[in-house]
Amino acid sequence: MREQLELIQKSAEDELKRAESQTDIEATRIKYLGKKGELTAVLKRMGSLSAEDRPIFGQLANEVRSDIENQIAKKVESIKAVEMAARLQSEAIDITVPGIKQRIGHKHPLSIVLDEVKDIFLGLGFCIATGPEIEWDYYNFEALNIPKNHPARDTQDTFYITENMLLRTQTSPVQIRVMEKQAPPIRIIAPGRVYRSDAVDATHSPLFHQIEGLVVDKGITMGHLKGCLDAFAKCLYGEDTKIRLRPHHFPFTEPSCEIDVSCFRCGGKGCAMCKGEGWIEILGGGMVHPKVLKTGGIDPDEYSGFAFGVGLERLVMFRFSIDDLRLFYENDLRFLSQF
Ligand code: DAH
C-alpha cells in the first residue's frame, strides 16, 4: 500500500507540473482526490488493514492527500499569475500614442455678431423681446401704419399663408406686440428672422435677419435715438466711429431717418468698402409715429418713443469683409471655419 500511495503522490506531482490551465489542474484533482479518485479508492480499502497498520497508512494517506492539495493550490496561483500577465499584455494601452482630435464646433458668424449686439444693448438697459415669424397682416403692416394698397407694401413682398397671415417681412411687428403687453417705460430689442420674396443673389435672400429696437417713455426725443445709436456704433465698430442721420421716410416713424456709420475701413476718407463715400448705411429709425403708439395702446400725448431696425447680415458682412450673403446659408466649412 505504501508503494501505491507513493506512486499516486509521484504521478499527481508529475501531472500538476505539466498542467497548463486551471482546467488541467481540476482534471488532476478529480482523478486523484475526487469521489471515484485513486487516492479515495485507497482510503476506502483502509478497513481491510490490521489494527496496527491502519493508523500508519491512515497517516501516510492523509499526508499524501494534503501534499497533493497544497501542490494544487500552488499551481492554481502560478497559473492565475501567468494568465493575468498574458491578459495585461494583450489589453495593454499605449498612453503615449497621440489621441484623435475632437472637432468642436463654434458659433456661426451671424451668431457671433448678434451676440455682440445683444450684449451692447443689454448693457444699455434694453431687454430682448421676440415675436412670431408667421405673422398677421395686421401686425406686419396695418398696425405699423402701412394700410392695404400702401406703396411700402410693394418693397416688402412676402410669402402669404392666407390672405391675412404671412411670413413677417420685418421685425417691426414686435413693436406692436410689446406695446400691447407692456406699459411704458419700454426698452427692447427684437432680433429675428424675416422673409421677403426676393430672388437669391449676392445681396438678397428670401430669408434674412433683422434687429428691431424700441424705446417708449415720457420725454423721449430724437436726441435719445442719436445718443443710443452713437453708443451702439462705437461699441460695435470702435471708439472713433461717427454716425450720421439722413432724413428718410418710414410709415411707422415720424420723423424718420437712415443712419450711416463712418467707414471703419478708411475712417471716412473713402475706399472700396464704402464705395468712396466714407459712410456706410446700416440702420433705419425715427420717432415712433403717434398713430402707431395709439394702435399699441399708448397715449401719444403722454409718451413718445424712438425705434430703429437694422439688418444683421449687413452688419456681419461689413464686420468681416464678406461680399456675398449666400455664404451665410450654404454651410460650407471652408467658409465657416474661418470665424
Ligand atoms: N422695418 C424697416 C425695414 O425693414 C426697418 C426700420 C426702419 C425699422 C425704421 C424701424 C424703424 O423700427 O424705425 O426696412
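Preceding block: the structure.
Quantities reported herein were computed from a predicted structural model and do not represent experimental measurements. (Residues numbered from 1 in each chain as written. Predicted model: local features only at pLDDT ≥ 70, side-chain atom pairs only at ≥ 80, totals over all residues. Heavy atoms only, no water.)

J.: In this structure, what is going on with the sheet that holds strand β9 (residues 304-311)? I would like to understand it.
T.: Strand pairs in the sheet, formed through backbone hydrogen bonds, run parallel or antiparallel to each other. In spatial order, the strands read β1-β4-β5-β9-β8-β7-β6; together these 7 strands make up an open sheet with mixed pairing. Each edge of the open sheet is held by one strand with a lone partner, namely β1 (127-128) and β6 (243-250). Across 8 bridges, strand β5 (residues 207-217) lies against β9 in antiparallel orientation. Of the residues in β9, the one forming a bridge with glycine 213 is phenylalanine 308. (Pairing = 2+ DSSP bridges. Helix = DSSP H or I, 4+ residues; strand = E, 2+ residues; numbered from the N terminus.)

J.: Looking at this model, I keep getting lost on a negative patch on the surface. Mind explaining?
T.: On the surface, Asp154, Asp157, Asp198 and Asp201 cluster together into a negatively charged patch. Looking at the secondary structure, you find aspartate 201 in the loop between β4 (186-195) and β5. Residue classification places aspartate 201 among the partly exposed residues on the basis of a relative accessible area of 31%. (Patch = residues over 30% accessible without salt bridge, like charges linked within 9 Å, V, L, I, M, F, W, Y side chains within 5 Å. Areas by Shrake-Rupley, 256 points an atom, 1.4 Å probe, with all protein chains shown as cover. Salt bridge = Lys/Arg side-chain N within 4 Å of Asp/Glu carboxyl O. Lys, Arg positive; Asp, Glu negative; His and termini not counted. Charge placed at Lys NZ, Arg CZ, Asp CG, Glu CD. Buried < 20%, exposed > 50% of the residue type's maximum accessible area, 1.4 Å probe, protein only.)

J.: Can you help me understand helix α4 (residues 53-90) in this one?
T.: Residues three or four positions apart in an α-helix share a direction because the helix packs 3.6 residues into each turn. The terminal C-alpha atoms of α4 lie 55 Å apart, and with 38 residues this matches the ideal 56 Å at 1.5 Å per residue to within 8%. Among the residues of α4, Phe57, Gly58, Leu60, Ala61, Val64, Ile68, Ile72, Lys75, Val76 and Ile79 are the ones counted as buried. (Expected span 1.5 Å × (residues − 1).)

J.: Explain the pairing of strand β8 (residues 279-288) to me, please; I cannot follow it from the model alone.
T.: Where a strand is regular, its side chains alternate between the two sheet faces. Extensive coverage of β8 is indicated by the burial of 8 of its 10 residues. Sheet topology note: the strand β7 (residues 253-262)/β8 ladder contains 8 bridges and is antiparallel. Residue cysteine 257 lies in a different strand from β8, and its bridge partner there is glycine 285. As paired elements, β8 and β9 share 5 bridges and run antiparallel to each other. The residue of β9 that forms the bridge with glycine 284 is glycine 309.

J.: Just checking my understanding: could you explain the pattern of salt bridges for this structure?
T.: Two side chains with opposite charge may pair up if their charged atoms get near one another. Counting across every chain of the model gives 20 salt bridges. We note a salt bridge from glutamate 135 to arginine 177, for which the minimum N-O separation is 2.7 Å. Taken together, the residues glutamate 135 in strand β2 (residues 134-136) and arginine 177 in helix α7 (residues 173-181) connect sequence positions 42 residues apart. Residues lysine 218 and glutamate 302 are paired through a salt bridge, measuring 3.5 Å at the closest nitrogen-oxygen approach. Here the residue lysine 218 occupies a position in the loop between β5 and α8 (222-237), and glutamate 302 occupies one in the loop between α9 (290-295) and β9, the gap between them amounting to 84 residues. On the basis of relative accessible area, lysine 218 is assigned to the exposed category, the value being 51%. Within this structure, Asp137, Glu142, Lys148 and Arg153 form a network of salt bridges that share partners.

J.: What is the right way to read unusual backbone geometry from this model?
T.: Note: most residues except glycine have negative phi, and most peptide bonds are trans. The amide bond that connects proline 184 to the next residue, proline 185, takes the cis arrangement and shows omega of 0°. With respect to the helices, strands and loops of the structure, proline 185 is situated in the loop between α7 and β4. We note that lysine 275 has phi near 55°; this positive angle belongs to a residue other than glycine. With a phi angle near 55°, asparagine 331 is a residue other than glycine that sits in the positive phi range. Judged by relative accessible area, which is 57%, asparagine 331 ranks as exposed.

J.: Is there a simple way to explain the site of the ligand in this structure?
T.: In the neighbourhood of the ligand, 16 residues make up the surrounding shell, with Gln170, Ser172, Arg196, Gln210 and Glu212 lying closest. Between the ligand and the protein, one listed contact pairs an oxygen atom with a side-chain N or O atom of glutamine 175 at 3.1 Å. A distance of 2.8 Å separates an oxygen atom of the ligand from a polar side-chain atom of glutamine 210. The cavity where the ligand resides is the largest pocket. (Near = heavy atom within 4 Å. Polar contact = N/O pair within 3.5 Å; in protein donor to acceptor, adjacent residues only side chain to side chain. 1 Å grid on protein atoms, 1.4 Å probe; cavity = no way out; pocket = protein on both sides within 12 Å on 5 of 7 lines; lining within 4 Å. Sits in = over half its atoms within 2 Å of the grid points.)

J.: How should the layout of surface pockets be read in this particular structure?
T.: Where empty space is left in the structure can be found by rolling a water-sized probe over the atoms. In this model, the largest pocket occupies a volume close to 1400 Å³. Considering the residues around the largest pocket, the lining is formed by 49 residues, among which Phe208, Glu281, Ile282, Gly311 and Arg314 are closest to the centre. Elements with a minimum of two residues in the lining of the largest pocket: β5, β6, β7, β8, β9 and α10 (312-320). Looking at which element gives the most residues to the lining of the largest pocket, the answer is β8, with 8 residues. Taken together, the residues of the lining of the largest pocket break down into 20 nonpolar, 18 polar and 11 charged. (Points joined across faces, edges and corners; volume = space filled by probe spheres on them. Nonpolar A, V, L, I, M, F, W, Y, C, P; charged D, E, K, R; others polar.)

J.: Would you take a moment to explain the packing of helix α1 (residues 2-18) against helix α2 (residues 22-33) for this structure?
T.: For any two helices packed against each other, the geometry comes down to the angle between their axes and how far apart the axes lie. In contact at an axis separation of 10 Å, α1 and α2 are set at 170° when each is read in the N-to-C sense. Taken together, the axes of α1 and α2 are roughly antiparallel relative to one another. Our pair here, α1 against α2, has a crossing hand that is right-handed. Taking contact as the criterion, the partners of Ile8, Ser11, Ala12, Glu15 and Leu16 in α1 are, on α2, Ile25, Thr28, Lys31 and Tyr32. In terms of residue class, the contact of α1 with α2 is made up of 5 nonpolar, 2 polar and 2 charged. (Axes fitted to C-alpha atoms, helices over the stretch in contact; angles between N-to-C directions. Parallel < 35°, antiparallel > 145°, perpendicular 65-115°, else oblique. Left-handed = near helix turned anticlockwise from the far one by under 90°. Contact = heavy atoms within 4.5 Å.)

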